[in-house]
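Residues per chain are reported as follows:
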Amino acid sequence: MRRRAALLLALLLASPGAGSAAPGDGTDPALQAEMERLLALRTQDVPVFLAGVRSLEARPPPVTRAQREELQLLRAYRLSLEGRPGEAAAVAQALSDRAEAPALRLAAGSLAVNMLSNIRQFEEALRRLHRLLLEYDAAPAELRDALRSLWVTAAILYQEMGKAELTRHYAERVLEGQPSPRQACLAGYLKARADELAEVAREPDIGVLRGTCDAAGENGVWQGFIDGLEARHLRRLGRLDEAQRHLEARLAVADAVGYPLLAAELHALDAELLLALGDLTRAEAQARAALSRAANAPTSLSAAMAEKVLFEVARQRGDDRAALSHLQAYVTAERALADEARIKDRAVQLVQHEMLQREQAFRLAEARHQAAILKARLARAEARNTLLALLSVLGLLAGAAAWAWSLRRDERRYRALSESDRLTGFANRAHFTRLVGEALLGAAKRGEGIALVGFDLDHFKRINDEHGHLNGDAVLRAVSEAIRALPAAARRRTVGRLGGEEFAVLLEGCSREAALEHAEACRRAIAGLAIPLDGGGEVRISASFGVATLVAGKAGLEGLLAAADRALYRAKHEGRNRVVALGPGELRDAA
């Protein structure tokens, strides 16, 4: 499942007129009409919306509290459109906490959740979302429209987190009710995205989805998202030429919408399609167009896609210098995306754990309450009932102790999940990087050598493309078992999966010769695998290894990682399925 940058801004969410004021007591009807007009324009004509809100803000404040708060909601939308999500989140959170109208509090809460996600405060976004869902779960009829917008918010946030089931759940809740045309457009798209995230072989009904969004007047941003959805679906079906022609015809529209990251994603997708079709010149042009539109987000998915295309173009043209430069930019972006994915997973696990703790605390308090009731009954009970009542109390206390034990067990389990890769059992990127840093400090104290072996499975993407992701996962498990079966070549060995088909081995107390021998043993073990395929047949694979060694205290964490990366790149460049080590002088340069 491929990660995507967060392009769904909160200004697309709250229902128009969420906090509409009733006439009377100083309400300005002309102002009210203008605010509602601007609210409807926020995704249809962004420049008009921004100019209109600034004009209202320049006037004297409205007389009524309701209209002042509605103007604050428009201000929060303006800040988000101007690329100031932190300020937008602050305004929306304050409004959600103190606004007079429940519908406006709910609309501001939805905006706050999305802006918190936009500034990467995922834990706080999830906490606020869960509070809103609990608070408004049984909302009265007049708030159902705002509640459906909150469900759209939940679907967008969980789509951002890569949680397909929860994305589909909340999108379907919107569609099962009586959604507004705008809500039906957003929820229909998010339901199709959930299928894409889960890699469900279900063809999206693009025609119906476009018709729904056209009926809602959503002819800009959301049509761009649908264009990307359709192009990716055609590519999965192998209809590359059709996907590229469709996307190329829509790029000018995407550029005109005014959302640079959306335009960057579509240009990068077009570059990938052109590269697959063998048109290097146009692929390069579209990749550079994507980078120019993603200039403020150099580690976004769009930037990673574009840099990978430029690397392939340079490699096929034999321009090694340019290939290396683009490869380094691609690796930097991929690492940032992997780190962000880890942060998102940790946020989901942490907030789910907090919810479990609250539920356990509630049940424990309820058990104690029941125990207190039984204890009071004991004082009034006859002597013949004392033993039975005491046993009941002991049973409740035992239940409370069991809940406490369960809580400690869950804490240990979530800690293990946050530090290991679920597929291979190796350390994940964040935990492995932390272990490397600790090993460097220990090596400096002990005065011993340390080695880092990075390796990458050759042409692994081809296995996924030709045999499917389930067989790809089987290959990764077989490789991890083969590496795990080899004897350690050092005082301590730690293996990490850094992402996809990228691995690393940390060897503490290890010489350069021992590290090279261990890397060669790993290479032979992987090359000797014959991995059965689901459906018959078998597949073989090889790996390229880069080895970096140093004497304690001679280089830092970044230098050691960079040296291993450089050696690995050379191994691939020299023909793959081999081990390459940097010399001492090269290691100093890398450091």
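Residues numbered from 1 in each chain as written. Predicted model: local features only at pLDDT ≥ 70, side-chain atom pairs only at ≥ 80, totals over all residues. Heavy atoms only, no water.

This part takes up the overall build of the protein chain. Helices and strands together make up the secondary structure of the protein chain, namely 23 helices and seven strands. By the burial criterion, 50% of the 591 residues in the protein chain qualify as buried. Taking the contacts inside the protein chain whose residues are at least 6 apart along the sequence as the reference set, 68% of them involve residues at least 24 apart. Summed over its atoms, the accessible surface of the protein chain is roughly 27,200 Å², and 53% of this surface lies on carbon and sulfur atoms. (Helix = DSSP H or I, 4+ residues; strand = E, 2+ residues; numbered from the N terminus. Buried < 20%, exposed > 50% of the residue type's maximum accessible area, 1.4 Å probe, protein only. Contact = heavy atoms within 4.5 Å. Areas by Shrake-Rupley, 256 points an atom, 1.4 Å probe, with all protein chains shown as cover.)

The next subject is the side chain of Ser480. Position of Ser480 relative to the elements: it lies in helix H20 (residues 469-485). By relative accessible area, Ser480 is classed as buried at 2%. Beyond its immediate chain neighbours, meaning those up to four positions away, Ser480 contacts Thr424 and Phe426.

We now examine the packing of aromatic side chains. Taken as a whole and assessed by the stated rule, the structure comprises five aromatic pairs. Judged by centre distance (5.7 Å) and plane angle (35°), the ring pair of Tyr189 and Phe225 falls under tilted. Linking Tyr189 in helix H9 (residues 181-197) with Phe225 in helix H11 (residues 221-236), this pair joins segments that are 36 residues apart in sequence. Residue Tyr189 shares its accessibility class with Phe225, and that shared class is buried. Measuring from ring centre to ring centre gives 5.1 Å for Phe455 and Phe503, while their planes differ by 5°; the resulting arrangement is stacked. Taken together, the residues span a long stretch of sequence, with Phe455 in strand E1 (residues 449-457) and Phe503 in strand E3 (residues 502-508) at a distance of 48 residues. Owing to a relative accessible area of 1%, Phe503 belongs among the buried residues under this scheme. Through successive ring pairs, a cluster of aromatic residues spans Phe426, Phe455, Phe503 and Phe545. (Phe/Tyr/Trp six-rings, centres within 6.5 Å; stacked < 30°, edge-to-face > 60°.)

Structurally, Arg282 can be placed in helix H14 (residues 280-293). For Arg282, a relative accessible area of 34% puts it in the partly exposed group. Separated by 12 residues in the primary sequence, Arg282 and Asp270 place their C-alpha atoms 9.2 Å from one another. Apart from the residues lying within four places of it in its own chain, the contact partners of Arg282 are Gln244, Glu248 and Leu274.

Here we take up helix H18 (residues 429-446). Here H18 contains 18 residues, and its C-alpha end-to-end distance of 25 Å stays within 8% of the 26 Å for a straight helix at 1.5 Å per residue. Positive phi appears at Gly447, one or two residues downstream of H18, with a value of about 70°. (Expected span 1.5 Å × (residues − 1).)

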